[in-house]
Amino acid sequence: MAVVETHEPGAYTPRAGLYECDCTAGHLWRIDLAGHLFPPFPPGCSADRWRAREVGAISTAAPEGSPRP
């Protein structure tokens with residue numbers, strides 16, 4: 001059984017890709033660039049975490065709001 005990558009709302013995204021909430025409704029969120037924050041869940045959603053569904057390679061991008069080198 002493969003390990004599923006999960007993240008809490010408000011955490012920084014480690015990579016770009018498609019993420020799905022872990023409730024039965026399966027809300028989707030696409031992240032275009034690593035380093036953005038995972039959003040809160042939609043109203044009425046009972047999820048606890050976002051799980052990776054289709055993601056790219058791990059990115060070394062700095063978190064959003066960090067100074068650029």
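As shown above, the structure is provided for reference.
The structure displayed is predicted, hence computed values, not measured ones.

Engineer: An account of the pattern of salt bridges is needed here, citing residue identities and associated values.
Structural biologist: For side chains of opposite charge, pairing can occur when their charged atoms come near one another. According to the stated counting rule, one finds four salt bridges in the structure shown. Note that Glu5 is salt-bridged to Arg15, the shortest N-O span being 3.1 Å. On the criterion of sequence distance, the pair formed by Glu5 in the segment before β1 (6-7) and Arg15 in the loop between β1 and β2 (17-21) is long-range, its members being 10 residues apart. A residue is classified by how much of its surface remains accessible, and Glu5, at 22% relative accessible area, is partly exposed. Arg15 gets classed as buried once you look at its relative accessible area, which sits at 16%. A salt bridge links Arg49 to Glu8; the shortest N-O distance between them is 3.1 Å.

Engineer: Go over the environment of Arg53, please, and point to the residues and values.
Structural biologist: Topologically, Arg53 is positioned in strand β4 (residues 50-55). Spatially, the C-alpha atom of Arg53 lies 9.6 Å from that of Cys21, the residues being 32 residues apart in sequence. Other than its neighbours up to four places away in sequence, Arg53 contacts Leu18, Tyr19, Glu20 and Leu28.

Engineer: Lay out the side chain of His7 with the relevant residues and their values.
Structural biologist: One can find His7 in strand β1. Residue His7 is classed as buried on the basis of its relative accessible area, which comes to 14%.

Here is what the cut-offs are and how they apply
Residues numbered from 1 in each chain as written. Predicted model: local features only at pLDDT ≥ 70, side-chain atom pairs only at ≥ 80, totals over all residues. Heavy atoms only, no water. Salt bridge = Lys/Arg side-chain N within 4 Å of Asp/Glu carboxyl O. Helix = DSSP H or I, 4+ residues; strand = E, 2+ residues; numbered from the N terminus. Buried < 20%, exposed > 50% of the residue type's maximum accessible area, 1.4 Å probe, protein only. Contact = heavy atoms within 4.5 Å.

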